[in-house]
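Descriptive structure summary
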Amino acid sequence: MEITINNLEDINQAARRFVENMGCSRVFAFYGKMGAGKTTFIKAVCEQLGVNDVITSPTFAIVNEYTSETSGETIYHFDFYRIKKIEEVYDMGYEEYFYGGGLCFIEWPELVEDLLPENATKVTIGENADGSRTVSF
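A brief look at the structure comes next. Residues take numbers from 1 onward in each chain, read along the sequence in its written order. It should be noted that, the model being predicted, local features are given only for residues of pLDDT at least 70 and side-chain atom pairs only at 80 or more, the latter also being counted only at that level, while totals for whole chains, interfaces and linings use all residues. To get the side-chain values, take all heavy atoms of the structure and skip hydrogens and water.

1. Comments concerning the layout of surface pockets
- In this structure, the largest pocket occupies an estimated 160 Å³ of space.
- The way it works is a 1 Å grid over only the protein atoms, where trapped points that fit a 1.4 Å probe form a cavity and open points with protein on both sides within 12 Å along at least five of seven lines form a pocket, and then any residue with an atom within 4 Å of a point lines it. Lining the largest pocket we find 13 residues, and of these I5, L8, I11, A36 and R133 sit closest to its centre. Grid points are joined across faces, edges and corners, and a volume is the space filled by probe spheres set on the points.

2. Points about the packing of helix α1 (residues 11-20) against helix α2 (residues 38-48)
- Where helices are involved, their axes are fitted lines through C-alpha atoms of the stretch in contact, as for all axes, and angles between N-to-C directions lie from 0 to 180°. Only runs of H or I of at least four residues qualify as helices and only runs of E of at least two qualify as strands under DSSP, and these elements are numbered from the N terminus. Where α1 contacts α2, the two axes come as close as 8 Å, and the packing angle between them is 65°. On the basis of the axis angle, α1 is roughly perpendicular to α2. In terms of crossing hand, the pair formed by α1 and α2 is right-handed. Contacts from I11, N12, A14, A15, R16, F18 and V19 of α1 reach α2 at T40, F41, A44, V45, E47 and Q48. To sort the angles, those under 35 degrees are grouped as roughly parallel, those over 145 as roughly antiparallel, those from 65 to 115 as roughly perpendicular, and the leftovers as oblique. Here a crossing is called left-handed whenever its near helix is offset anticlockwise from the far helix by less than a right angle, and right-handed whenever the offset is clockwise. Throughout, a contact is declared for two residues whenever any of their heavy atoms are within 4.5 Å.

3. Describing the environment of N52
- Relative to the helices and strands, N52 is located in the loop between α2 and β3 (63-67).
- Along the chain, N52 and E69 lie 17 residues apart, while their C-alpha atoms are 6.8 Å from each other.

4. Observations regarding unusual backbone geometry
- Even without glycine at this site, I62 takes up a positive phi of about 75°.
- Looking at the element boundaries, I62 is found in the loop between α2 and β3.
- Buried, partly exposed and exposed residues are distinguished by accessible area as a fraction of the type maximum, computed with a 1.4 Å probe on protein chains only: under 20%, between the cut-offs, and over 50%, respectively. You can call I62 buried: its relative accessible area is 18%.
- Positive phi, close to 60°, is recorded for W108, a residue that is not glycine.
- Following the sequence through the fold, W108 ends up in the loop between β5 (103-107) and β6 (121-127).
- Accessibility expressed as a relative area gives 15% for W108, which makes it buried.

5. A word on the state of the cysteines
- In this description, a disulfide is simply a cysteine sulfur pair whose atoms lie within 2.5 Å. Taken as a whole and assessed by the stated rule, the structure comprises zero disulfides.
- In this model C46 remains outside any disulfide bridge; the closest cysteine sulfur is found in C104, 11 Å from its own.
- A relative accessible area of 0% places C46 in the buried class.

6. Notes on the side chain of T121
- In this structure, T121 sits in strand β6.
- Judged by its relative accessible area of 15%, T121 is buried.
- Pairing of N or O atoms within 3.5 Å defines a polar contact, subject to two protein rules: one partner must be a possible hydrogen donor and the other a possible acceptor, and residues neighboring in sequence count only if both atoms are side-chain atoms. A distance of 2.7 Å separates polar atoms of two side chains, one belonging to T121 and the other to S25.
- In this structure T121 touches S25, V27, F28, A29 and F137, once residues within four positions along its chain are discounted.

7. So, the nonpolar core
- Core analysis: the biggest nonpolar cluster contains 25 residues, and F18, F30, F41 and F105 have the highest contact counts within it.
- Only β1 (2-5), α1, β2 (27-31), α2, β5 and β6 provide two or more residues apiece to this core.
- Beyond its immediate stretch of four places on either side in the chain, F41 contacts I5, I11, A14, A15, F18, F30, I125 and V135.
- Side-chain atoms within 4.5 Å link the members of a nonpolar core, which is a set of buried Ala, Val, Leu, Ile, Met, Phe, Trp, Tyr and Cys residues. In terms of nonpolar packing, the next biggest core, distinct from the first, is built from 19 residues, V27, Y76, F80 and I83 among them.

And the structure:
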């Protein structure tokens, strides 16, 4: 599926479409260049899922945990950009997150691809010449 985001005003509608089409997947691996809008889109998705907390990039924390106010569901937002060694991911207990049943949104998954569940949904955010973004999954 592809969703086009023409500008920031479209992001909530795009996030709503994404949520409506997530299916049974629990782990979503977000690919895209630096500045493509991964964090911004994940923030909009979390808001659509009922997260009322302040949603920020987990660049330094590696993982942020949120709770949906509507469903009570736990949502984990990862940013593996600063991972230097795969041992760091082992040490954080990635299995509990990836296989624990909570929703996982992962930025920079290429750095931990060998650890991702086989059924992880690959999401690509591409930048278009006109400045719009295309979310493919």
